[in-house]
Amino acid sequence: MAVANGGTVTAAGDSRDQLKANCSPEKPTILSLPYQLAGRSALFRCTYEDQVGYTVALRQQVASGTVVGMNANAIHKPIECLGFKKIQENIADAKIAANGRKLSILITSTGNSHPLLYGPSYLTLRPYTNRMYQMCSKWRLVISLRHAEEQMRQRGTSFLTGSGAVFSHEEFTPFTVCMANPNLESVLAVHPGRYLAKPVGAVNFSGSMGDKMQLVKIRRDHVREDLLNFLTNSEFQKMSSAQVIMQQYIERPLVADKRKFDLRVYMLVVNPKRARTDPSGCTEDCEMGYFVFMHPGFVRLSSLPYNAASPDLAVHLTNQSVQAKQTRTFGQLKEVTTWFPDELNDYFNKRHRLRDRDWAKRELYPKIGALLGYVSAVFRYFLDDRDCPSNAFRILGVDFLIDDELRVYLLEFNAYPAWGCQTSVLAALKPSLWREAVCLSSEVAIRFRSRLPVAEQHLVTRQDFGLVFSSEEPELARRNIAKIYK
């Protein structure tokens, strides 16, 4: 049913413009929870009704009731609200084949392709691809960045700052060295100070959760002595030197409420597919898109006041696992260990500690978005899911730290971020994040396969995720780096 301005009217009588107005936050914020599932899914149905197909849950893969660690309701509810009709696996192939112009969703817990249910008509969650090891391994991340940047220099395609200088990972990654480096002693003599020793880390479902991490002090004239003392008193002596890295510790972090904090943000990577059409009109193979979005996530704080000299890991490492292991009173303190991003912004506004008001909103999170856009461009080969014949999406956790000079550091990527909801902040944020991710991935897949532009202003399901890289507009990431880094 049409309305005067060219929009449409839903069964409830709401115009598309009215639905969009209802979904807009009252004031601009970093994070506008909860996700407006009812309103945005109504907009989705209104816009793409003739392209919404079925949802198929593979029974043997969802028996546990969870999908990659998240409560199944956070996955199934948005799919239902978007209008995908649930059907049984045994009749899916015939039904969906007859409606190939529609998008259908295949729900699995492993991300493996189905022998019959695959192709550009399907969307599936693929949490991990083998090439992602190059960025989710702490040491391979550094090596891969160095290698990719060297290749860009040789091709003349380096990213440039606003002043025209070549942009490098050295701007946003702490100095890191592998214990297997044959020149380890001389390297550390040039870069003395405190380090955080970490296992390189294999990609798995549980992550390292702070296991085996240890602070190490390296003095310029006593490198060998300090290394031997460290190895003698740690679990690392049982590990191969190639499996241990030393990352320079940021001794002067920016603190909030006298406590160290870092930021857990999320990357949503969507790889939509569509049939490739040659000039004669024949279709062959698939054409793939690559879109990366950032979600502001949450703030992780230590439960104890920051003291650079403290030997207590709970002072230095903010993840929930370390806090729970190291702090006896964590059960009573856990609510203060997570903040919403806007709480951090408000904290600095009220304390007048920073020169600019709304620093977190206006500068910090845009800078993180620019860095994720850069990494998405540099690591496209590792994130593009060219092995999957269907539309695919995945969510990664990414950790950032800020020092007291407001320099932002990328710490690590997590292929399998934890989805536990131990605090009220996490309970409000994580299910909402998943609902938006499912809706947004569905919309991106539909728009791409329909050859419609994929940009923020066109995405009716987008609320808190921001586009940081687009295969349709690769210059977006370059512009953001040049804008943020002068």
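The sections below set out a description of the structure shown in this document. (Residues numbered from 1 in each chain as written. Predicted model: local features only at pLDDT ≥ 70, side-chain atom pairs only at ≥ 80, totals over all residues. Heavy atoms only, no water.)

### Description of the overall build of the chain
A tally of regular secondary structure across the chain gives 16 helices and 19 strands. Per-residue burial for the chain yields a buried fraction of 54% across its 486 residues. Of the contacts made within the chain by residues no fewer than 6 positions apart, 73% connect residues no fewer than 24 positions apart. Carbon and sulfur atoms make up 49% of the accessible area of the chain, which amounts to about 21700 Å² in all. (Helix = DSSP H or I, 4+ residues; strand = E, 2+ residues; numbered from the N terminus. Buried < 20%, exposed > 50% of the residue type's maximum accessible area, 1.4 Å probe, protein only. Contact = heavy atoms within 4.5 Å. Areas by Shrake-Rupley, 256 points an atom, 1.4 Å probe, with all protein chains shown as cover.)

### Observations regarding the packing of aromatic side chains
This structure, assessed with the given rule, holds 18 aromatic pairs. Here Phe-230 and Phe-236 contribute two aromatic rings whose centre-to-centre distance is 5.6 Å and whose plane-to-plane angle is 50°, an arrangement assigned as tilted. Summarising the aromatic geometry, the rings of Phe-379 and Phe-382 are spaced 5.3 Å apart at their centres and angled 55° between planes, so their arrangement reads as tilted. Among the residues examined, Phe-379 registers a relative accessible area of 0% and is labelled buried. Among the aromatic residues, those joined into a cluster by ring pairs are Phe-159, Phe-167, Phe-172, Tyr-374 and Tyr-485. Above the ring of Phe-448, the side-chain terminus of Arg-274 is found at 3.9 Å from the ring centroid. Its end group placed over the ring of Phe-159, Arg-478 keeps NZ or CZ at 4.3 Å from the ring centre. (Phe/Tyr/Trp six-rings, centres within 6.5 Å; stacked < 30°, edge-to-face > 60°. Lys NZ or Arg CZ within 6 Å of the ring centre and 35° of its normal.)

### Some words on the pattern of salt bridges
Within the structure shown, the criterion is met by 23 salt bridges. As a salt-bridge pair, Asp-257 and Arg-259 come within 3.1 Å of each other at their nearest N and O atoms. Look at Arg-259 and you get buried, because its relative accessible area is 6%. The shortest N-O distance in the salt bridge between Asp-356 and Arg-355 comes to 3.5 Å. Each of Asp-262, Arg-264, Arg-300 and Asp-399 takes part in salt bridges that share partners, so that together they form one network. (Salt bridge = Lys/Arg side-chain N within 4 Å of Asp/Glu carboxyl O.)

### Let's talk about unusual backbone geometry
Omega for the peptide link from Leu-33 to Pro-34 comes to -5°, which places this bond in the cis form. For Pro-34, the location among the structural elements is in the loop between helix H1 (16–23) and helix H2 (37–48).

### Here's the deal with the pairing of strand E6 (residues 122–125)
The alternating pattern of E6 places Tyr-122 and Thr-124 on one face and Leu-123 and Leu-125 on the opposite face, and all of these are buried. Strand direction decides the pairing type here: strand E5 (residues 103–107) and E6, joined by three bridges, are parallel. By the bridge assignment for E6, Ile-105 is matched with Leu-123. For E6 and strand E17 (residues 391–402), the ladder comprises three bridges, and the chain directions are parallel. Pairing of Leu-125 across the sheet is with Phe-393, part of E17. (Pairing = 2+ DSSP bridges.)

### Quick look at the side chain of Gln-463
Along the polypeptide, Gln-463 turns up in the loop between helix H15 (424–449) and strand E19 (466–470). Here Asp-464 takes part through its side chain, which lies 3.5 Å from a polar atom of the side chain of Gln-463. Setting aside residues no more than four positions away along its own chain, Gln-463 makes contact with Ser-32, Leu-33, Pro-34, Tyr-35, Gln-36, Arg-40 and Glu-436. (Polar contact = N/O pair within 3.5 Å; in protein donor to acceptor, adjacent residues only side chain to side chain.)

### Details of the side chain of Arg-449
Mapped onto the elements, Arg-449 comes out in helix H15. Although buried, Arg-449 forms no salt bridge, and the nearest oppositely charged side chain, Asp-50, lies 9.1 Å from it. (Lys, Arg positive; Asp, Glu negative; His and termini not counted.)

### Quick word on the sheet that holds strand E8 (residues 193–199)
Pairing between the strands of a sheet is mediated by backbone hydrogen bonds and can be parallel or antiparallel. Spatially, the four strands line up as an open sheet ordered E7-E10-E8-E9, and their pairing is antiparallel. Either end of the sheet is taken by a strand with one partner, and the two such strands are strand E7 (176–178) and strand E9 (214–218). Adjacent strand axes in the sheet meet at a mean angle of 30°, parallel and antiparallel pairs treated alike. In this sheet, strand E10 (residues 244–248) lies alongside E7 in antiparallel orientation, the contact comprising three bridges. Directly across from Cys-178, in E10, lies its bridge partner Ile-245. Along the sheet, helix H6 (residues 138–155) makes contact with E7, E8 and E10, crossing E7 at roughly 110°. (Axes fitted to C-alpha atoms, helices over the stretch in contact; angles between N-to-C directions.)

### Points about helix H16 (residues 475–484)
Working note: α-helix, 3.6 residues per turn, so residues spaced by three or four point in the same direction. All of the buried residues in H16 are Leu-476, Ala-477 and Ile-481. Buried residues in H16, looked at end-on, bunch into an arc of 130°, giving them a common side. In the core, the buried residues of H16 are packed alongside helix H13 (359–378) and E19. (Arc of directions from axis to C-beta.)

### Details of the environment of Met-179
Among the secondary structure elements, Met-179 is positioned in the loop between E7 and helix H7 (184–190). Separated by 63 residues in sequence, Met-179 and Ala-242 place their C-alpha atoms 6.1 Å apart. Among residues more than four places away in sequence, those in contact with Met-179 are Leu-184, Leu-227, Phe-230, Leu-231, Ser-241, Val-244 and Met-246.

### Observations concerning the packing of helix H12 (residues 341–351) against H13
Closest axis-to-axis distance for the H12/H13 pair is 9 Å, and the angle between their directions is 125°. Classed by the angle they form, the pair H12 and H13 counts as oblique. Within the contact between the two elements, H12 uses Pro-341, Leu-344, Asn-345 and Phe-348 and H13 uses Trp-359, Ala-360, Lys-361, Leu-364 and Tyr-365. Residue composition of the contact of H12 with H13, grouped by class: seven nonpolar, one polar and one charged. (Parallel < 35°, antiparallel > 145°, perpendicular 65-115°, else oblique. Nonpolar A, V, L, I, M, F, W, Y, C, P; charged D, E, K, R; others polar.)

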